[in-house]
Amino acid sequence: MRGHHRRLFAWLTVWLLAVAIVLPFRPTPAAAASERAVVELWQALVPLRSVNTFMNTGAHPDDEQSSLLAYLSQGVGARVISVIATRGEGGQNAIGAEYNAALGVVRSRELEEAGKAFGVEVRHLSQDFADPIYDFGFSKTPEETLAHWGHDRALERLVRIIRETRPDVVMPSFLDVDGQHGHHRAVTVLTLEAFRAAADPEAFPEHLEEGLRPWQIKKLYLPAAESRGTYDSEGIPPTLEVPVGEYNPILGASYVQIGEESRAYHKSQGMGQQVPEGPRTFPVHLLESKVPVPQPEQSLFDGLPRTVGDLAERVEDRELKTMLQSLQEIIDAAVAAYPDYQRVSDLVHKGLNVVRQARARIAALAWADPELRDDLDHRLAVKEQQLARASRAAVLLVTRLTADTYEITRGASATLTLTAFVGGPVPLEDVRLELAAPAGWQVEPVEVPAAARLGYNQTLTARFKVTAPADAPFFHPYRPLDLYGLVHYTAAGVPVTVKVEPAADVAVLPDLSLQPQPDGLIYNLEEPGKLTVTVVATSYRDGPVETELSLAAPTGWQVEPAAAPIAFQGRGEVRSVRFTVTPPAGLAPGRYTLRVQAEGQARSGEYVRVIEYDHIGRTYMVLPAAVEVQAFPVKVPKDLRVGYVASGFDRVPEALRQLGIQVDLLDEEDLTSGDLSVYDTIVVGIRALRVRPDLVAAMPRLHEYVYGGGNLVVQYHQPGDNWDPERSAPYYLQIGSPSIRWRVTDEASPVTVLVPDHPLLNRPNAIGPEDWQGWVKDRGLYFPSEWAPEFTPLLAMHDPGEPPLTGSLLTATYGKGRYTYTSLILYYQLEQRVPGAYRLFVNLITP
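Quantities reported herein were computed from a predicted structural model and do not represent experimental measurements. (Residues numbered from 1 in each chain as written. Predicted model: local features only at pLDDT ≥ 70, side-chain atom pairs only at ≥ 80, totals over all residues. Heavy atoms only, no water.)

1. Looking at the overall build of the chain
When its secondary structure is counted, the chain shows 19 helices and 41 strands. In terms of C-alpha radius of gyration, the chain reaches 31 Å, essentially the compact-globule figure of 29 Å for 847 residues. For the chain, the spread of C-alpha atoms along the principal axes amounts to about 90 × 70 × 65 Å. In the chain, which comprises 847 residues, the share counted as buried stands at 55%. Long-range pairs, those at least 24 residues apart, make up 75% of the contacts in the chain with a sequence separation of at least 6. Carbon and sulfur atoms make up 50% of the accessible area of the chain, which amounts to about 35200 Å² in all. (Helix = DSSP H or I, 4+ residues; strand = E, 2+ residues; numbered from the N terminus. Rg over C-alpha atoms; globule rule 2.2 N^0.38 Å. Buried < 20%, exposed > 50% of the residue type's maximum accessible area, 1.4 Å probe, protein only. Contact = heavy atoms within 4.5 Å. Areas by Shrake-Rupley, 256 points an atom, 1.4 Å probe, with all protein chains shown as cover.)

Encoded structure:
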């Protein structure tokens, strides 16, 4: 590899000098495009050098070991596959308001774009919004995680992917050790099991009935050090140091830097950082190998065939051996000819012809070893795809597939335009344009030219009208529509077909998007009354349409109006209807559902949630149009006024307002010079000190507010959130670290009340065992580990097998007022409308 880099540097010096003669100091857009094309050609040639496949497994989007994957994909040329278990639904969101399943959509798209950035294929175990393989929040053990996911379900899906992709080497991103996230540990456990199960014909035999074959991964590695781990991996000695710090002169970055560029797509998680050039290695530990490995190791693929030429050594048939040796010579010559487009094109198409002949020979031979036959054909099938990609780059074929609209309804049509442009010196013969669509879709040619010859700077254009069937499934971001273009051509006498993805997903959407606002309500049985639901309807239909909106409620509930006629003149128009809902007297506590419906020329019972960001494009979630109503009793003091210091990380103010509480959001001016005495209580949002420097500066003033008789409630913070143990609270309060030691992840863990008669647990709502039922995700996190004696701990709780933690709810008298710090994730329970969380929160804000 290092010798190859020296040759690259020598060539690049000559090429850059030539470019410098003809280009101005600041490259023009055309020059930039030319340089990009040269890089793309190189990226298409690199994979031809390797016949190996590497698989990296992780639990969440952004778990991929990016620098290592960049080195293997962009440096070695291996096929690289990243298998991620969940969609990352339980994480934070640094860029928007998507959480839970919507956040999973964002993070899945970010992972897809990150993979495209450095040529990595992405696979998921999770397949749907409500899939059991779900990021349910922090877990301390793999056993807990696999109990949630379903061990056999997760293992079967991983084994299936292994049998489909047939990797030579696999490595999980993390270790199965105490202190590591249980999701990470679970994926490592599954990876070690799948290493054996994928090769066992008795494991998941239904795969074999579907045509898959058992596959033995040859080498299993573990990361010997983790750049993003939460623990010290000392004691796992590296058997190999992978040189990820090597600088690629054509890509203009080290593989660490390329990896970080891909990680920058994980914007919702704040990923991606600037790293300097320079030597760096990624240490790995060979845990198990099914092939002899020379010592010391020089590569992850030591002991394996690494090139087409190595495959030739495994073949006895003289004709096939000669073909493979010839293909290796062609590949070597094509790489050496870079960036001579004409010469590279001649060699790539010659290679395509040879690889097809080799695959035909494999199919024609009688094999004593069918596993060898399948292995050779699989590797050569991958090589054929790679050569087709190299053909596209060498002839400078630029393709596009665009639509006049990317949003259509059932039975509606869109016009798609497919273009093929040749920017290189090699003419293409018999160029034909085709559109492929799912079964049941109609494809009608609008303007489709006959097969043509395309030379330099020429474009061929075709237009197709596609019509969705009346029963077409609605768009799903994890199963995008299988609609794409095909460009067929012949170069140097060799036929080639390339696939063209649309510029954006074509989405089949309901006639109307019916968005209920809010999407969830609470109904206080202590103060029965009316509820208000506003439905915002958006038309996706072309032309005028009339319909009636209604709100279907449980028996005994009254809804006014019973139905509301609305009309639209065209696509994209928005109408809204306000419904008043009166639950019946004597309503029992529980959860009820109100369903929004549209009947008429446009029919719908769905809400289309649009998710759009520059780095991931536009996508959609088609969800049931429904409002969940949680009915329960909660006593609320009259005329309670609360000031809220928002962080943007929670929606507590909206939850409190549903109880009729006046909540004012406090800005910098309020904190520094406003009259705080008008508030019965001031609440600090989760992690607000991290993002509100005005709050950091105003903490002494808030303490004065408490000392004068105010009530201050501070929700959880992390140690790095500008939290000062000596100054952030009126008395010493230290947040525990590491976080895994100071949290309770079992949402059903028993809660022990330490001070049963304390006002916070009794006034105005008596907190009992039922108030700890129905919690979701966690009890709490980032519990304080130490505090001054002035604080009184009110609760104790713990995860199974661990000692009790008593820092989840601390309160202290300060002057005439009260200061309370809580690490319970009350904000999340309020979002999920958990009754006990509401009752407890009202107690905390009651002075």
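2. Notes on the pattern of salt bridges
Within the structure shown, the criterion is met by 46 salt bridges. Between D62 and R107 there is a salt bridge, with the nearest N and O atoms lying 2.9 Å from each other. Of this pair, D62 sits in the loop between β1 (53-58) and α3 (66-76) while R107 sits in helix α4 (residues 101-117), and the two are 45 residues apart along the sequence. R107 matches D62 in its accessibility class, with the two residues each being buried. Of the charged contacts, one joins E407 and R618 as a salt bridge, the two residues approaching to 3.1 Å between their closest N and O atoms. Here E407, found in strand β11 (residues 407-408), pairs with R618, found in strand β29 (residues 617-624); they are 211 residues apart in sequence, far enough to count as distant. Exposure remark for E407: the relative accessible area of 14% places this residue in the buried category. (Salt bridge = Lys/Arg side-chain N within 4 Å of Asp/Glu carboxyl O.)

3. Description of the sheet that holds strand β24 (residues 558-560)
The strand order β20-β22-β26-β24 describes an open sheet built from 4 strands, whose pairing is antiparallel. Edge positions in the sheet fall to β20 (512-517) and β24, since each of these pairs with one other strand and no more. On average, adjacent strands in this sheet sit at an angle of 25° to one another, irrespective of strand direction. Relative to strand β22 (residues 531-539), β20 is paired through 6 bridges, and the arrangement is antiparallel. The partner of Q517 across the bridge, within β22, is T534. (Pairing = 2+ DSSP bridges. Axes fitted to C-alpha atoms, helices over the stretch in contact; angles between N-to-C directions.)

4. Structural notes on the packing of helix α6 (residues 151-165) against helix α7 (residues 182-197)
For the pair α6 and α7, interaxial distance at closest approach is 9 Å and the crossing angle is 55°. Considering their axes alone, α6 and α7 lie oblique with respect to each other. The two elements α6 and α7 meet at a crossing, and its hand is right-handed. Taken together, the residues of α7 that come into contact with α6 (itself represented by H151, A154, L155, L158, V159, I162 and R163) are L190, T191, E193, A194 and A197. Tallied by class, the residues present in the contact of α6 with α7 amount to 8 nonpolar, 2 polar and 2 charged. (Parallel < 35°, antiparallel > 145°, perpendicular 65-115°, else oblique. Left-handed = near helix turned anticlockwise from the far one by under 90°. Nonpolar A, V, L, I, M, F, W, Y, C, P; charged D, E, K, R; others polar.)

5. Thoughts on the nonpolar core
Residues L45, L324, L397, V487 and Y489 are the most contacted members of the largest nonpolar core, which totals 76 residues. Sequence-distant contacts of V487, defined by excluding residues within four places in its chain, comprise L397, T399, L418, A420, V431, R432, L433, V496, T497, V498 and V500. Counting residues in hydrophobic clusters, the runner-up holds 74 residues, among them V714, V744, I767 and F791. (Core = buried A, V, L, I, M, F, W, Y, C linked by side-chain atoms within 4.5 Å.)

6. Here we look at the side chain of Q718
Relative to the assigned elements, Q718 resides in the loop between β34 (711-715) and β35 (733-735). Here Y782 takes part through its side chain, which lies 3.3 Å from a polar atom of the side chain of Q718. When near neighbours in sequence (up to four residues on either side) are disregarded, Q718 contacts R687, W723, I735 and Y782. (Polar contact = N/O pair within 3.5 Å; in protein donor to acceptor, adjacent residues only side chain to side chain.)

7. Overview of the side chain of R818
Examined against the element boundaries, R818 turns out to sit in strand β41 (residues 817-822). No salt bridge is formed by the buried R818, whose closest oppositely charged neighbour, D680, lies at an N-O distance of 11 Å. Only 3.2 Å separates the side chain of R818 from the backbone oxygen of L844, close enough to count as a polar contact. Discounting residues that sit within four places of it in the chain, R818 has contacts with V706, G710, N711, L712, L760, R763, T811, A812, N843, L844, T846 and P847. (Lys, Arg positive; Asp, Glu negative; His and termini not counted.)

8. Side note on the pairing of strand β30 (residues 626-632)
Counting buried residues along β30, 6 of its 7 residues qualify, which places the element largely inside the surrounding structure. Sheet topology places strand β27 (residues 590-600) next to β30; 6 bridges connect them, and they run antiparallel. Its bridge partner being in β30, G590 is matched across the sheet by A631.

9. Description of the confidence of the model for the chain
Mean pLDDT over the chain: 94, with 95% of residues reaching 70 or higher. When the criterion is pLDDT under 50, residues 1-29 qualifies, and its contacts beyond four places in sequence or with other chains add up to 30 contacts. Below pLDDT 50 for its whole length, residues 227-233 participates in 20 contacts with residues either more than four positions away or in separate chains. (pLDDT = per-residue confidence, 0-100.)

10. Quick look at the environment of V755
Relative to the assigned elements, V755 resides in the loop between β36 (751-753) and β37 (784-787). Owing to a relative accessible area of 21%, V755 belongs among the partly exposed residues under this scheme. Separated by 611 residues in sequence, V755 and E144 have C-alpha atoms that sit 31 Å apart. Ignoring anything within four residues of it in the chain, the contact list for V755 reads L761, T792, P793 and L794.

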